[in-house]
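Close look at the chain arrangement
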Amino acid sequence: MWKISGQKYYNLSYFGSGLRGRQLGCIYFVKGILIFIFFITGETVCSQTHTDSLWSVWSNEMQHDTVRLSALEKYYETTKSTEGPDILKHVVLQMLAFSTSKNQKIYVAKSHKYLCDINKRESKWLDAVDHGNKSYQLFAEENDKRGMASSLWGLGFIYYHIGQKAKALRIYMQCIDIYGELNDSRSISGILNNIGLIYLDQNDYETALDYFERSVEIGNWDKQGNSIAKRNIVKILIQLGEYDAALSMIEQMIFLVKEEEGEYYYYHMNSLNSLFADLFLRQSKYELALHHYFTSLEFQKLDSVSIGIRGTETDIGELYALMGKTNLSIEWCLRGLKTGEIGGAIGLQQRSCECLYKAYRYKGDSERALEYLEYVQMYEDSLNSEETAQVMLELDFKKHLEEDSLRYYNLNLQAEVEHQKESRRKDTVRNLSLGFVGLLIILSITLFRRNRLIADSKRRIEKEKAKAESSERAKQLFLANMSHEIRTPMNAIKGMTDILIRRNPGAEQLDYLNGIKQSSESLLVIINDILDISKIEAGKTELECIPFSIQESLEQIHTIMLFKAEEKGLELKLKISDSIPYVSGDPVRLRQIVLNLVGNAIKFTQKGIVTFSAEKVDSTNDNKISIQFCISDSGIGIEEERANKIFDSFEQAYSDTSRKFGGTGLGLSISKKLVELQGGRIWVESVKGKGSQFYFTIPYSLVEKEQHKLPNEQTVDMKRLKTELKGIRILLAEDNAFNAIVAQEELGDAIDDVFVDVVENGSIAVEKYKSEKYDVILMDVQMPVMNGYEATNKIKSLSDKYYRVPIIAMTANVLKEEVDKCYQAGMDDFIGKPFDIDELVQKIYRSVNIPGQKSNVKNI
């Protein structure tokens, strides 16, 4: 076996036996070598002679114009795979100048087509589009159908690669019409393959697979074409999790590529290594995937056939992110972003920015993360346009229309055959039979079209339903991410404030710290409702019903808002009727409503007084009471015709309100919905320039005063728990340094001699669980390397081998879907961030005192 040129293997057998056999063998061997050398050198000389001859014909001004242009065209076709773009462009520009001067429109059109191809290879998309449009127009003027279709095909390819998929689809539809007139099934199959790629990008695997299979069936492709179609089918198999089938197809294609010659060898090896990498990536075999991505990059350097942007750098960046190598992820995604910007590939830029957003978020660089998140949204809006979806529906309708036409033709053909048979019979029987067949055809067509209409309607409904569900999932993902990102720093603010309050600060410091504590708690409630506005709109907000004091709640609000009023030089007054008893209801929602209205009153008042009050307005015999609240100010006021609109979402009293005073226009809308959820109503009375009075009433149930005095009992409980949990060992999995400090300090103050072991990701938590013993694990969810769900599953699977330990989720992901996900992963309890230390200690106590479960604490 000898290896030739790093690609081919030839087996040169040694013939003959004995002396004569060896002599003949040597002679044949030498002859073979000489023939091989002659073939190689001869082919090179012949190729060079041929191109020189073509150039000589072109240079001979005595030749006819058409002959010269034909020679120059053949020269371009012969050298386009070996010469650089500058030389090729020089050749084509000569052809363009000469054909223009001689009014040879066909060659002018071809020149623009060749310039379009050259610019495509250099990723100069705008220049390529310009030349492609010119070539199409010129071919159309000459009624050259094949030239028109070829130009359109090139334009469709360009629009696909720069992210304008709607235009690409429309152009491909024109191509199919023209190639259909030319009866060119092979070209139609190529267009069908390209359409399948667009559906594949939209994750519509069923439709994409249909187009790829039709491409192979219609085109009768050669080895090259079949390889492209099969690679696309492999991509779908990988996405659908059919890994064995995908691997088998890749191995078959690798075997065929080993016999490939010339420039297409590198092209195929580039693509097949990318497929290997995608397959191993989906199987979480990260090192193997990384190896094949880098191998694909090496073949890309040698690949002179591919046109467009591969995006392998971004693939490597996303893989490094999965491996927890954030810095390397950023480095490779920046390379991918630069490649996408140079080539104008919007899809690649969107992927790169999405990876960079996640990487910077894990690094804690919120400013850079937000910057790339804005780019992601911009690119996503461009790629997932309504125009693209509409064109896909049009194309789907056209495809079914063509299928209906074909079936209709077959039915007519069958009817004609029946008609010829019936012509041999008597006229009466023939006419009756023909009428019967005609009736059957009409009924069949009617039923067929009716069933097709029903099927199409059902298919459209299913697509719209899937689209709505996808949109809802994206919305929930956005809300979960925003909730997590905001609540994480809020946990540090609230926790560190509580710690400072327990460190015996001075009287003045204590007032400020209490203000921070109460403000952060109220802000957290407002943030939760704003982030979950969709839940409020759907009427799914859950209300508490606990005993509380309206007077104490309003006094707390007065303390919080007093600082804000004094900053503007305003007087803030609180008036509470002595007749208001203790009630049962939702104190958090009441504080949210009043805080919102008082905050608005201060914001829109430049000088004077802001007053808020509460009084009993109605009571019944069934232990119910109605309380009316009023917030009045001496501010700018509202015109009567605008007063009823200010409670609508995103509405302000005047067009310049947001610019002058800030705000989103959601506050009053949320307040109105919260009041109505509690069975009350809200309204406003205002005079422009003199101020406003906002009123709302809420019905409450009466309770005894003693029922409200529950905190002392809770304090006693906490003192007992502090002793009973003495010496407990806790494993805390938390990647945020500030939140880890808060948890350690809070637990240290709440439990005597507590031991808190902190790890920064789930993988380390699993190893700690194997080597140490703990009474309880506090598990964050979003962590690098291994998240909380995976770590919990791993620890639960090891419980029988080691020991069982309760796991409490402690995370900023507080939406119901996220809480359910924690329990599904096997966690025993849940507490959201920012957490209340008393609630956390209670949950720890309940977890470690499960009946029949022994303590896991080591005897130290």
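Residues numbered from 1 in each chain as written. Predicted model: local features only at pLDDT ≥ 70, side-chain atom pairs only at ≥ 80, totals over all residues. Heavy atoms only, no water.

Another aspect to go through is helix H2 (residues 65-79). Compared with an ideal rise of 1.5 Å per residue, which puts 15 residues at 21 Å, H2 spans 21 Å between its outermost C-alpha atoms and is within 8% of the ideal. Among the residues of H2, those classed as buried are Arg68, Leu69, Ala71, Leu72, Glu73, Tyr75, Tyr76 and Thr79. (Helix = DSSP H or I, 4+ residues; strand = E, 2+ residues; numbered from the N terminus. Expected span 1.5 Å × (residues − 1). Buried < 20%, exposed > 50% of the residue type's maximum accessible area, 1.4 Å probe, protein only.)

As a further point, take the packing of helix H23 (residues 587-603) against helix H26 (residues 667-677). One can describe the packing of H23 onto H26 by two numbers: an axis separation of 10 Å at closest approach and a directional angle of 145°. When the axes of H23 and H26 are compared, the crossing they make is left-handed. For the pair H23 and H26, contact is made by Arg589, Gln592, Ile593, Asn596, Leu597 and Asn600 and by Gly667, Leu668, Ile670, Ser671, Leu674 and Val675, respectively. Tallied by class, residues from the contact of H23 with H26 come to six nonpolar, five polar and one charged. (Axes fitted to C-alpha atoms, helices over the stretch in contact; angles between N-to-C directions. Left-handed = near helix turned anticlockwise from the far one by under 90°. Contact = heavy atoms within 4.5 Å. Nonpolar A, V, L, I, M, F, W, Y, C, P; charged D, E, K, R; others polar.)

Looking at the secondary structure, you find Ser352 in helix H16 (residues 346-363). Of the polar contacts made by the side chain of Ser352, one reaches the backbone nitrogen of Leu337; its length is 3.4 Å. Apart from residues no more than four positions distant in its own chain, Ser352 is found in contact with Thr314, Cys333, Gly336 and Leu337. (Polar contact = N/O pair within 3.5 Å; in protein donor to acceptor, adjacent residues only side chain to side chain.)

On to the pairing of strand S12 (residues 776-779). Covered by surrounding structure in S12 are Val776 and Leu778 together with Ile777 and Met779, the residues of both alternating faces. Bridge analysis of strand S10 (residues 729-733) against S12 gives four bridges, and the strand direction is parallel. Paired with Leu732 across the strands is Leu778, a residue of S12. As paired elements, S12 and strand S13 (residues 807-811) share three bridges and run parallel to each other. Its bridge partner being in S13, Met779 is matched across the sheet by Ala809. (Pairing = 2+ DSSP bridges.)

Let us now look at the sheet that holds strand S14 (residues 829-832). Strands belonging to one sheet form pairs held by backbone hydrogen bonds; the direction of such a pair is parallel or antiparallel. Reading across the sheet, the five strands line up as S11-S10-S12-S13-S14 and stay open at both edges, with parallel pairing between neighbours. With one partner strand each, in any of the chains shown, strand S11 (755-759) and S14 form the two edges of the open sheet. Within the sheet, the average angular offset between the axes of one strand and its neighbour, ignoring direction, is 20°. The strands that helix H29 (residues 737-750) touches are S10, S11, S12 and S13; relative to S11, the one it contacts most, it runs at about 170°. Where helix H33 (residues 837-848) meets the sheet, it contacts S10, S12, S13 and S14, and its direction lies at approximately 170° from that of S14.

Once that is clear, we can look at the confidence of the model for the protein. On average, residues of the protein score 76 in pLDDT, and 75% of them reach the 70 mark or higher. The least confident element of the protein, judged by mean pLDDT, is strand S1 (residues 2-4) at 26; the most confident is S12 at 94. A low-confidence stretch, residues 709-716 (pLDDT under 50), is modelled with one contact involving residues beyond four sequence positions or located in other chains. (pLDDT = per-residue confidence, 0-100.)

A word on the environment of Leu572. In this fold, Leu572 is placed in strand S4 (residues 571-576). Between the alpha carbons of Leu572 and Val598 there is a distance of 9.3 Å; along the sequence they are 26 residues apart. The residues contacting Leu572, other than those within four sequence positions of it, are His558, Met561, Leu562, Ala565, Val598, Val610 and Phe612.

Pro834 follows Lys833 through a cis peptide bond whose omega is -5°. Here Pro834 shows up in the loop between S14 and H33. The backbone phi angle of Val785 is positive, close to 65°, even though this residue is not glycine. Along the polypeptide, Val785 turns up in the loop between S12 and helix H31 (788-797).

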